[in-house]
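# Summary of the model geometry
Chain by chain, the residues:
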Amino acid sequence: SRRRHTRCSGVSWARRCVQETGLMLVGPTGGGKTSNYKVLQKAMTALQGTNEKFAKVNTYILNPKSITMGQLYGEFNEHTHEWTDGVLAYIVRETCKDQSTEKQWIMFDGPVDALWIESMNTVLDLSLIHI
């Protein structure tokens, strides 16, 4: 299935950050995307304890264009027939170990690339499947 893409701003964007599994914040270079998520992170952390939706927010920031797709997601070595996890798999595994109420945000902060964003859409779609 295709992910639903909706434009939102202000309060509705903040509300979706609290509710959604994965979001994409897109805009021009210097448009304030990084500043927006940092302000929301600090606000949600400051409001922890006032509402069950607010908790400390930890961020893990990656620039997906600074490494190869294999380094980002992981890759299969045709010669050795071994799988090597990528940086994202390591970070997800580490954040899943945290059993606290703290929120874990994995941020891809960098230019959008058609290849990695399609792979990320697949990862987010699969994360919605609960077995």
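Residues numbered from 1 in each chain as written. Predicted model: local features only at pLDDT ≥ 70, side-chain atom pairs only at ≥ 80, totals over all residues. Heavy atoms only, no water.

## Let's talk about helix α4 (residues 87–97)
The cut-off we apply is this: When accessible area is computed with a 1.4 Å probe and restricted to protein chains, residues below 20% of their type maximum are described as buried, those above 50% as exposed, and intermediate ones as partly exposed. For the purposes of this entry, the term helix denotes a DSSP run of H or I that reaches at least four residues, the term strand denotes a run of E that reaches at least two, and both are numbered from the N terminus. Arc definition: it is the arc formed by the directions from the helix axis to the C-beta atoms.
When we look at burial in α4, the residues that qualify are Leu88, Ile91 and Thr95. Angularly, the buried residues of α4 cover 65° about the axis, an arc narrow enough to put them on a single face. The outward face of α4, more than 90 degrees from its buried face, is lined by the exposed residues Cys96 and Lys97.

## Considering the pattern of salt bridges
Applicable threshold: When a carboxyl oxygen of Asp or Glu is within 4 Å of a side-chain nitrogen of Lys or Arg, the pair counts as a salt bridge.
Following the criterion strictly, the structure yields two salt bridges and no others. Note that Asp85 and Arg93 form a salt bridge whose closest N and O atoms lie 2.6 Å from each other. A salt bridge links Lys97 to Glu94, with the nearest nitrogen and oxygen atoms 3.0 Å apart. A residue pair is termed a helical-turn pair when its members lie 3 or 4 positions apart in one helix, as Lys97 and Glu94 do in helix α4 at three residues.

## Points about helix α2 (residues 33–46)
Condition: Expected span, for any helix, means 1.5 Å times one less than how many residues it has.
When the terminal C-alpha atoms of α2 are compared, their 20 Å separation across 14 residues agrees well with the 20 Å that a helix rising 1.5 Å per residue should span. Taken residue by residue, α2 has Tyr37, Leu40, Gln41 and Met44 as its buried positions. Projection of α2 onto a plane perpendicular to its axis shows the buried side chains occupying an angular sector of 105°, all on one side. Summarising the geometry of α2, the exposed residues directed more than 90 degrees from the buried face are Val39, Lys42 and Ala46.

## A short note on the nonpolar core
Filter applied, for reference: As used here, the term nonpolar core means buried Ala, Val, Leu, Ile, Met, Phe, Trp, Tyr and Cys residues forming a set that is joined through side-chain atoms within 4.5 Å. Pairs of residues are marked as contacts when any of their non-hydrogen atoms sit within 4.5 Å.
With nine residues, the main nonpolar core is built from Leu62, Leu72, Tyr73, Leu88, Ile91, Phe108, Trp116, Ile117 and Met120. Of all the secondary-structure elements, those providing two or more residues to this core are α3 (69–73), α4 and α5 (114–127). If one sorts the elements of this core by residue count, α5 sits on top with three residues. Among all residues touching Leu62, those that are not within four sequence positions of it are Leu72, Val87, Leu88, Ile91, Ile106, Met107, Phe108 and Asp109. Listed in part, the six residues of the second largest apolar core include Tyr37, Val57, Trp105 and Met107.

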